[in-house]
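Next come the chains, spelled out residue by residue.
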Amino acid sequence: MSETVTIREVLRLLLVVDAFPRQNNVERERAQELEAAALAKGEGATGSPDDPPEFRIWLDALRRPGIRNDEREAVYDAMYDYFEASGSAAPSA
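Residues numbered from 1 in each chain as written. Predicted model: local features only at pLDDT ≥ 70, side-chain atom pairs only at ≥ 80, totals over all residues. Heavy atoms only, no water.

### Re the confidence of the model for the chain
Line of reasoning, step 1. Summing up the model confidence of the chain, the mean pLDDT is 90 and the portion of residues at 70 or higher is 92%.
Line of reasoning, step 2. Model confidence for the chain, summarised as mean pLDDT per element, is weakest for helix α2 (residues 25-41) at 93 and strongest for helix α3 (residues 54-63) at 96. (pLDDT = per-residue confidence, 0-100. Helix = DSSP H or I, 4+ residues; strand = E, 2+ residues; numbered from the N terminus.)

### Brief notes about the packing of aromatic side chains
Line of reasoning, step 1. Throughout the structure, instances matching the rule amount to 5 aromatic pairs.
Line of reasoning, step 2. Relative to Tyr-82, the ring of Trp-58 lies with its centre 6.2 Å away and its plane at 65 degrees, an arrangement referred to as edge-to-face. With a gap of 24 residues between them, Trp-58 in helix α3 and Tyr-82 in helix α4 (residues 69-85) connect regions that are remote in the sequence.
Line of reasoning, step 3. Residue classification places Trp-58 among the buried positions, given a relative accessible area of 11%.
Line of reasoning, step 4. On the basis of relative accessibility, which here comes to 25%, the residue Tyr-82 falls in the partly exposed class.
Line of reasoning, step 5. Measuring from ring centre to ring centre gives 5.2 Å for Tyr-82 and Phe-83, while their planes differ by 85 degrees; the resulting arrangement is edge-to-face. (Phe/Tyr/Trp six-rings, centres within 6.5 Å; stacked < 30°, edge-to-face > 60°. Buried < 20%, exposed > 50% of the residue type's maximum accessible area, 1.4 Å probe, protein only.)

### Observations concerning helix α1 (residues 7-18)
Each turn of an α-helix holds 3.6 residues, which means side chains three or four residues apart point in the same direction.
Line of reasoning, step 1. Compared with the 16 Å implied by 1.5 Å per residue over 12 residues, the 16 Å span of α1 between its first and last C-alpha is a close match.
Line of reasoning, step 2. The complete set of buried residues in α1 reads Ile-7, Val-10, Leu-11, Leu-14, Leu-15 and Val-17. The buried residues of α1 occupy an angular sector of 160 degrees when the element is viewed end-on, so they sit on one face. (Expected span 1.5 Å × (residues − 1). Arc of directions from axis to C-beta.)

### What about the packing of α1 against α2?
To describe two helices that pack against each other, one gives the angle between their axes and the distance between the axes.
Line of reasoning, step 1. Two elements in contact, α1 and α2, have axes separated by 9 Å at closest approach and are oriented at 175 degrees. For the element pair α1 / α2, the angle class is roughly antiparallel. For the pair α1 and α2, contact is made by Val-10, Leu-13, Leu-14 and Val-17 and by Ala-31, Leu-34, Glu-35, Ala-38, Leu-39 and Lys-41, respectively.
Line of reasoning, step 2. In terms of residue class, the contact of α1 with α2 is built from 8 nonpolar, no polar and 2 charged. (Axes fitted to C-alpha atoms, helices over the stretch in contact; angles between N-to-C directions. Parallel < 35°, antiparallel > 145°, perpendicular 65-115°, else oblique. Contact = heavy atoms within 4.5 Å. Nonpolar A, V, L, I, M, F, W, Y, C, P; charged D, E, K, R; others polar.)

### Examining the pattern of salt bridges
Line of reasoning, step 1. Throughout the structure, instances matching the rule amount to 7 salt bridges.
Line of reasoning, step 2. In this structure, the salt-bridge partner of Asp-51 is Arg-8, at a minimum N-O distance of 3.0 Å. Here the residue Asp-51 occupies a position in the loop between α2 and α3, and Arg-8 occupies one in helix α1, the gap between them amounting to 43 residues.
Line of reasoning, step 3. Owing to a relative accessible area of 14%, Asp-51 belongs among the buried residues under this scheme.
Line of reasoning, step 4. The closest approach of N and O atoms between Arg-68 and Glu-71, which form a salt bridge, is 3.7 Å. (Salt bridge = Lys/Arg side-chain N within 4 Å of Asp/Glu carboxyl O.)

### Looking at α3
Line of reasoning, step 1. Here α3 has its buried residues at Phe-55, Trp-58, Leu-59, Ala-61 and Leu-62. Here the buried residues of α3 occupy an arc of 160 degrees about the axis, which is enough to place them on one side.
Line of reasoning, step 2. Where α3 is buried, its residues touch α1, α2 and α4.

Structure (structure tokens):
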């Protein structure tokens, strides 16, 4: 049986991946693989009663094929803002 993962956990994992260094092609490819794995975990992610509705919106947006770069950046900015404002600073790589 697969482990249940929360939307919050997936979002925080995506922030870790976002902070992953991308200074060369190998690092960029690895970051893309890690992001794809995190987004795949999001497929069955469940929300928590404590989570704001934005969590699901953000995850759904990032999982949408063909998301534009400006939309993706806006979602990540909102995620960083939320976690920093909530006192749980965004994780780092």
